[in-house]
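# Structure assessment
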Amino acid sequence: MDKIVRALSKDGLVKISAVDLRDAVERARNIHRTLPVVTAALGRTMCAASMMGNALKDAGDSLTVRINGGGPVGTILVVSDSRGNVRGYAQNPQIDLPLRPDGKLDVGRAVGRDGMLTVIRDLGFGEPVSGATQLVSGEIAEDFARYFVESEQVPTACALGVLVDRDQHVLAAGGYIAQLLPGAGEDTAARLEENVRKAGPVTAQLMSGTVEDVALRILEGFEPELVETDEVTYRCNCSRERVLAALSGVSREDLNNMLHEDGQIEVKCRFCDKAYVFTDADRELLIKD
Ligand SMILES: [Zn+2]
């Protein structure tokens, strides 16, 4: 069961979100048939988007993360609802690269760093609010840490990790975002930094313990209290109506031709494996004046 936990230090100066998103990242791998380096890149982005979405206030809000670093994986796009349920894709899911010299997946090279990390918050009214920063390394966690500091002026420690087994399935996926709140001093920052260093890679923590353990370990010495837990999942909100609306951009002539050739039009959702079939019987719905 995937979930997000939130905890706060007793003095109210440090907050943390931590997520275990193994099932959702495995689901994304199955939908998109991603190879390991893309599973890691997409999975790390999903973990960050899920935690950021979970911090939105209202039920109808949503958050979109777009990463485009000019690497072979192309654009990574992830959408989270206000609970932290996510959906996403990578433009080129079947990218394969040699491992780095340290034996790790070369996410930085797959993503590239010649581009931007963009976050768009749709708060259900007015224009969506967006912020963007230049990518640092394409390794994703570092890129989000910079985004928070530069775009939102919040000092942030961010760890994101996806551990892929030899048979390519996802063994662990998760991460945390720990942030200093107004009033936090140098000593608080130093202790948080030390905790992050001592805790080690987040995937190793998730392999040996729970996501609650992760949050409490990072806030060790701060007398942390768990304030909230939410179950999350891979969730797509596509529907026949939405797909139909997307088809409104296709010209009447093209639609007619498609229907003439096979007698049906099949449209696959970009985020999940659902296919929507429209036939001659839908001609009136599809082709309007
Ligand atoms: Zn869908």
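Per chain, residues are indexed from 1 in the order of the written sequence. Selection of residues for local features in this predicted model requires a pLDDT of at least 70, selection of side-chain atom pairs for listing and counting requires 80 or more, and totals for whole chains, interfaces and linings are taken over all residues.

### A look at helix 7 (residues 211-218)
Three exposure classes are used, based on other C-beta atoms lying within 10 Å of a residue's own C-beta, which is placed from the backbone: buried for 20 or more, exposed for 12 or fewer, and partly exposed in between. Per the convention used, a helix needs a DSSP run of H or I reaching at least four residues, while a strand needs a run of E reaching at least two, with both numbered from the N terminus. Taken together, the buried positions of helix 7 are occupied by Val211, Val214, Ala215 and Ile218. Buried residues along helix 7 cover an arc of 95° about the axis, so they all sit on one side. Placing a C-beta atom from the backbone of each residue, one calls two residues in contact when those atoms lie within 7 Å. Tucked inside the fold, the buried residues of helix 7 contact strand 1 (3-8), strand 2 (14-20), strand 9 (170-180), helix 5 (186-199), helix 6 (202-208) and strand 10 (225-231). Relevant arc is that of directions from the helix axis to the C-beta atoms, nothing else.

### What to know about the packing of helix 1 (residues 22-32) against helix 2 (residues 36-54)
Axes, fitted as lines to C-alpha atoms, cover a helix only where it is in contact. Angles between the N-to-C directions of the axes lie from 0 to 180 degrees. Between helix 1 and helix 2, whose axes approach to 10 Å, the crossing angle comes to 135°. Comparing their axes, helix 2 and helix 1 come out oblique. Here helix 1 runs over helix 2; the crossing is right-handed. Across the interface between the two elements, Ala24, Val25, Ala28 and Arg29 of helix 1 pack against Thr39, Leu42, Gly43 and Met46 of helix 2. Taken together, the residues of the contact of helix 1 with helix 2 break down into five nonpolar, two polar and one charged. Comment on the angle field: the value is read as roughly parallel under 35 degrees, roughly antiparallel over 145, roughly perpendicular from 65 to 115, and oblique elsewhere. Crossings are sorted by hand: turned counterclockwise from the far helix by less than a right angle, the near helix makes the crossing left-handed, and turned clockwise it makes it right-handed. By the convention adopted, Pro, Cys, Tyr, Trp, Phe, Met, Ile, Leu, Val and Ala count as nonpolar, Lys, Arg, Asp and Glu as charged, and the other residues, Gly among them, as polar.

### Section: the pairing of strand 10
Little of strand 10 sits inside the fold, with zero of its seven residues counted as buried. When DSSP finds two or more bridges between two strands, those strands count as paired. Note that strand 1 and strand 10 share six bridges and pair antiparallel. Considered in strand 10, the bridge of Ile4 is made with Asp230.

### What about the sheet that holds strand 6 (residues 116-122)?
Strands sit in the order 5-4-3-6-7 across an open sheet of five strands; the sheet is antiparallel. Of all strands in the sheet, those bounded by a partner on one side alone are strand 5 (86-90) and strand 7 (129-134). In this sheet, neighbouring strand axes are inclined to one another by 10° on average, regardless of whether the strands run parallel or antiparallel. Sheet analysis places strand 4 (residues 76-81) next to strand 5, joined by five bridges and oriented antiparallel. Bridge pairing in strand 5 links Leu77 to Tyr89. Against the sheet, helix 2 makes contact with strand 3 (62-68), strand 4, strand 5 and strand 6, and its axis sits at roughly 30° relative to strand 4, the strand it touches most. Helix 4 (residues 141-152) rests against strand 6 and strand 7 of the sheet, and its axis sits at about 120° to strand 7.

### Examining helix 4
One fewer than the residue count of a helix, multiplied by 1.5 Å, yields its expected span. An ideal rise of 1.5 Å per residue puts 16 Å on 12 residues; helix 4 measures up with 16 Å between its terminal C-alpha atoms. Residues of helix 4 that are buried: Ala141, Asp143, Phe144, Ala145, Tyr147 and Phe148. In this structure, the buried side of helix 4 is in contact with helix 2, strand 6, strand 7, strand 8 (156-164) and strand 9. Looking one or two residues beyond helix 4, the residue adopting positive phi is Gln153, at roughly 55°.

### Some words on the domain arrangement of the protein
Per the domain assignment, the segments of the protein are domain 1 (3-231) and domain 2 (240-286). Put simply, the middle of domain 1 and the middle of domain 2, counted by C-alpha atoms, are 35 Å apart. Each partner contributes residues to the interface: domain 1 has four residues there, and domain 2 has four residues. Looking at the side of domain 1 that touches domain 2, the element that brings in the most residues is strand 5, giving three residues. For the side of domain 1 that touches domain 2, a count of residues per class yields two nonpolar, one polar and one charged. Where each domain begins and ends follows an automated or database-derived domain assignment.

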